[in-house]
Amino acid sequence: MQPAVKGPIGVFDSGYGGLSILRDLRRVLPQYDYVFLGDNARAPYGSRSFDVVYQFTRQTVERLFTMGCPLVVLACNTASAKALRNIQQHDLPLWDPSRRVLGIIRPTVEQVGSLTTTRHIGIFGTKGTVGSGSYPIEIAKFFPDVVVTGHACPMWVPLVENGEYDSPGADYFVKKEIDALLAEDPLIDMVILGCTHYPLLEAKIRQYMPSHVKIVPQGAIVADSLADYLTRHPEMEQRLQRGGGCQYLTTESPAMFRSSASSFLNEEIEASHVDL
């Protein structure tokens, strides 16, 4: 039997936030090749319906598969919440059962039990992620005693994508959402940043969050989880291309993508346009 052709790890996000996940993936697993695809022309996904998010995500995963990716990470909470299950259950068996699509909610959830003492936690996310109920549903499977309060932060993604995440104007919107969440449940002692844009606001979130509340970004958790997954699935690990490179694709203007991507990656990159 001929050995499977090796390919890069695909990383998808509707916008730019998934670059914060990619950054940690490359830090923990620098030996592999990556392809990042941002569907920036149709972002944001957060307020779109389940059906639309599923169709958009399905198109991007299929494109990454045609580029030879044996494994795709949905570095987007909204896509993980609204599309992952359908793709895993309905599409993968038809496309290629040997390939894998992984999300970022499950790895995050698996860490919850060790990070909360009060067993009351908060989730900051987009309207789509919070409205999907995916975090409470997944957390209940592992830690049924944990009380979960989701809180949508509609202004946080625009602040990040417009480069205002470190501006004085961001303080008002960050403090407002923190105060609202803690007013809803004062027992919260841990908050998950359930949107990949939010790490850029982490410094301000820490500034206004009470010191006893743990703040949990997802990048490092997802990267460590993927490393563990590849250790447990050597048949997949052997299909990954090792070159340490990364290709960036966007459905928007490559120049616009390059400009915004630098905020997440702290480096200059080249990007190419792709149609879906």
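Here the residue numbering is sequential within each chain, running from 1 through the sequence in written order. The predicted nature of this model means local features are confined to residues of pLDDT at least 70 and side-chain atom pairs, given and counted, to a pLDDT of 80 or more, with totals for whole chains, interfaces and linings taken over all residues. As a convention, hydrogens and water are excluded, and side-chain values are obtained from all of the structure's heavy atoms.

Caption draft 1: Structural detail: the packing of aromatic side chains. Aromatic rings from Phe, Tyr and Trp, with only the six-membered ring used for Trp, were paired whenever their centres fell within 6.5 Å, and each pair was classed as stacked if the ring planes differed by under 30 degrees, edge-to-face if by over 60, and tilted otherwise. Counted by the stated rule, this structure contains eleven aromatic pairs. The interplanar angle of 45° and the centroid separation of 6.1 Å between the aromatic rings of Phe12 and Tyr45 together place this pair among those described as tilted. Here Phe12 is found in strand 1 (residues 9-13), whereas its partner Tyr45 is found in the loop between strand 2 (34-38) and helix 2 (50-66), with 33 residues between them in sequence. Take Phe12 and Tyr45: they sit in the same class, and that class is buried. Strands here mean DSSP runs of E at least two residues long; helices mean DSSP runs of H or I at least four residues long; both are numbered from the N terminus. The rule is simple: take the accessible area with a 1.4 Å probe, protein chains only, and divide by the maximum for that residue type; under 20% is buried, over 50% is exposed, in between is partly exposed.

Caption draft 2: Quick peek at the packing of helix 2 against helix 4 (residues 84-95). For helices, the axis comes from a line fit to the C-alpha atoms of the stretch in contact; other axes are also lines fit to C-alpha atoms, and the angle between any two N-to-C directions lies between 0 and 180 degrees. For the pair helix 2 and helix 4, interaxial distance at closest approach is 12 Å and the crossing angle is 40°. Of the possible angle classes, the one that applies to helix 2 and helix 4 is oblique. As for the relative orientation of helix 2 and helix 4, their crossing is right-handed in sense. Residue-level inspection shows Tyr54, Thr57, Arg58, Val61, Glu62 and Phe65 of helix 2 in contact with helix 4, the latter providing Asn86, Ile87, Asp91, Leu92 and Trp95. Charged residues are taken to be Asp, Glu, Lys and Arg, nonpolar residues to be Ala, Val, Leu, Ile, Met, Phe, Trp, Tyr, Cys and Pro, and polar residues to be all remaining types, Gly included. A breakdown of the residues in the contact of helix 2 with helix 4 according to their chemical character gives six nonpolar, two polar and three charged. Convention used here: angles under 35 degrees read as roughly parallel, angles over 145 as roughly antiparallel, angles from 65 to 115 as roughly perpendicular, and any remaining angle as oblique. Take the far helix as the reference: if the near one is turned anticlockwise from it by less than a right angle, the crossing is left-handed, and if turned clockwise, right-handed. In this analysis, two residues are considered to be in contact whenever any of their non-hydrogen atoms come within 4.5 Å of each other.

Caption draft 3: How the structure looks around the pairing of strand 2. Across the five residues that make up strand 2, a large majority, five, are buried. Burial along strand 2 is two-sided: Tyr34, Phe36 and Gly38 facing one way and Val35 and Leu37 facing the other are all buried. Only strands that DSSP links by at least two bridges are regarded as paired with each other. Where strand 1 meets strand 2, five bridges bridge the pair, whose relative direction is parallel. Bridging across to strand 2, Ile9 finds its partner in Tyr34. The handedness of a crossover follows from its direction of travel: if, with the strands pointing away from the viewer, the path from the first strand over the helix to the second runs clockwise, the crossover is right-handed. Note on the crossover from strand 1 through helix 1 (residues 18-28) to strand 2: the handedness is right-handed. Two elements, strand 2 and strand 9 (residues 246-250), share five bridges in a ladder whose sense is parallel.

Caption draft 4: Fine view of the nonpolar core. Take the buried residues of types Ala, Val, Leu, Ile, Met, Phe, Trp, Tyr and Cys, join any two whose side-chain atoms come within 4.5 Å, and each joined set is a nonpolar core. Judged by nonpolar contacts, the single largest core of 53 residues is most densely connected at Leu19, Phe124 and Leu226. In terms of nonpolar packing, the next biggest core, distinct from the first, is built from 22 residues, Tyr54, Val72, Cys76 and Val101 among them.

Caption draft 5: Looking closely at the sheet that holds strand 3 (residues 71-74). Taken together, the six strands give an open sheet; going across it, the order is 4-3-1-2-9-10, and neighbouring strands pair in parallel fashion. A single partner strand is all that each edge strand has here, and the edge strands are strand 4 (100-102) and strand 10 (272-273). Relative to strand 3, strand 1 is paired through four bridges, and the arrangement is parallel. Bridge pairing in strand 3 places Phe12 opposite Leu74. Of the strands in this sheet, strand 1, strand 2 and strand 9 touch helix 1, which is tilted by about 175° from strand 2.

Caption draft 6: Geometry of the environment of Pro97. Looking at the secondary structure, you find Pro97 in the loop between helix 4 and strand 4. Separated by 29 residues in the primary sequence, Pro97 and Gly68 have C-alpha atoms spaced 14 Å apart.

Caption draft 7: Local environment of unusual backbone geometry. Cis geometry marks the peptide bond from Ala43 to Pro44, where omega comes out at 5°. Inspection of the secondary structure puts Pro44 in the loop between strand 2 and helix 2. For Arg119, which is not a glycine, the phi torsion comes out positive at approximately 65°. By the element assignment, Arg119 lies in the loop between helix 5 (105-109) and strand 5 (120-125). Take Arg119: its relative accessible area is 21%, and that puts it in the partly exposed class. At Asn266, a position not held by glycine, the phi torsion is positive, near 55°. Following the sequence through the fold, Asn266 ends up in the loop between helix 13 (254-265) and strand 10.

Caption draft 8: Structural detail: the pattern of salt bridges. The salt bridge criterion pairs a side-chain nitrogen of Lys or Arg with a carboxyl oxygen of Asp or Glu, the two atoms within 4 Å. Scanning the entire structure with this criterion turns up 14 salt bridges. Arg119 serves as the salt-bridge partner of Asp145, at 2.8 Å between the closest nitrogen and oxygen. Residue Asp145 is located in the loop between helix 7 (134-142) and strand 6 (147-152), and its partner Arg119 is located in the loop between helix 5 and strand 5; the two are separated by 26 residues in the primary sequence. Each of Arg85, Glu138 and Lys141 takes part in salt bridges that share partners, so that together they form one network.

Caption draft 9: Region of interest: the pairing of strand 3. The alternating pattern of strand 3 places Leu71 and Val73 on one face and Val72 and Leu74 on the opposite face, and all of these are buried. For strand 3 and strand 4, the ladder comprises three bridges, and the chain directions are parallel. Bridge pairing links Leu71 to Arg100 in strand 4.

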